[in-house]
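One-letter residues, chain by chain:
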Amino acid sequence: MTPFGLLDTHCHVAAYTDPVAMLRKADAAGVGIIAVTEDPDEYRRLRTRLGRRDHVDVALGLHPLRAASFTPNDLARFFRLVPQTSWIGEVGLDYSRTGAATAKAQQRIFDVVLTEAQPGRHPLTVHSRGAEKDVIRLLSDSGLPAILHWYSGPLGLIDDALQAGLYFSINIAMVRTRNFPGLLRAVPRERLLLETDGPYVKDRGGIAQPDQLQAVALALAHAWGAELDESMRVLVANQERFLSSTR
């Protein structure tokens, strides 16, 4: 990906009504995008649809809530496609009420992901709902560069995540929760990145859009008692530092 301004590290591009129009707006706003996918077929379809774009990377995913449906052929496709991608995501574990029944299948798939991503040091954007302790432990053991997408787990685990070198991505919905101030106190500024998680995240009744990502940077500036220019500098520096760790 060509260096740009802010980076949306977790966006479900294929789920937007008009992905190409959304990407044009993001490009005009100076926002790069990591387009996460949920399985190898979605990855292939999206890459074909989007073609080559300077400020978009399509990430290869195996979503944890779909783990029980993945076949050996799905995993074989994942293995074949890893050399073609720069990012891995959305991957991870989900032990919430929705995902608890498939925890064993998820663990098996996530272990495969971490093993297969290891040789290329692909950066990962990782789902951890209800499974934060296991996700942080496994990422720490792997030594891979990774981002905890929409972290909602115990603040007591954050030190372990920081020790493992992990980053945290923040979206507009997160900044409006009661837990957000505590998260910001626990996570140093230099470990924060941005995401939309669009179109699933709603922004005041509308859909979160990458071209409006600066609103999250502004919310961080307010929380830090800083100006927008300062938060932008911090976030861009964080992006560069994280990406340099993957090379």
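A brief report on the enclosed structure follows. (Residues numbered from 1 in each chain as written. Predicted model: local features only at pLDDT ≥ 70, side-chain atom pairs only at ≥ 80, totals over all residues. Heavy atoms only, no water.)

Examining the overall build of the protein chain
And step 1. Within the protein chain, the regular secondary structure consists of nine helices and ten strands.
And step 2. Computed over its C-alpha atoms, the radius of gyration of the protein chain comes to 17 Å, within 12% of the 18 Å expected for a compact globule of 247 residues.
And step 3. The 247 residues of the protein chain split such that 54% are buried.
And step 4. Within the protein chain, contacts between residues at least 6 apart in sequence are counted, and of these 67% link residues at least 24 apart.
And step 5. Of the roughly 11300 Å² of accessible surface on the protein chain, 48% is carried by carbon and sulfur atoms.
And step 6. One way to put it: in the protein chain the 28 positive side-chain charges average out to a point 3 Å from where the 28 negative ones average out. (Helix = DSSP H or I, 4+ residues; strand = E, 2+ residues; numbered from the N terminus. Rg over C-alpha atoms; globule rule 2.2 N^0.38 Å. Buried < 20%, exposed > 50% of the residue type's maximum accessible area, 1.4 Å probe, protein only. Contact = heavy atoms within 4.5 Å. Areas by Shrake-Rupley, 256 points an atom, 1.4 Å probe, with all protein chains shown as cover. Lys, Arg positive; Asp, Glu negative; His and termini not counted. Charge placed at Lys NZ, Arg CZ, Asp CG, Glu CD.)

Some details on unusual backbone geometry
And step 1. Omega for the peptide link from Gly-89 to Glu-90 comes to 10°, which places this bond in the cis form.
And step 2. Tracing the sequence through the fold places Glu-90 in strand E4 (residues 88-92).
And step 3. A cis geometry characterises the amide bond from Gly-198 onward to Pro-199, with omega recorded as 5°.
And step 4. Topologically, Pro-199 is positioned in the loop between strand E8 (192-194) and strand E9 (202-203).
And step 5. Positive phi values are uncommon outside glycine, yet Asp-197 reaches one of about 55°.
And step 6. By secondary structure assignment, the location of Asp-197 is in the loop between E8 and E9.
And step 7. On the basis of relative accessible area, Asp-197 is assigned to the buried category, the value being 7%.
And step 8. In this model, Arg-204 sits at a positive phi of 50°, which is unusual for a non-glycine residue.
And step 9. Tracing the sequence through the fold places Arg-204 in the loop between E9 and strand E10 (206-207).
And step 10. By relative accessible area, which is 72% here, Arg-204 ends up exposed.

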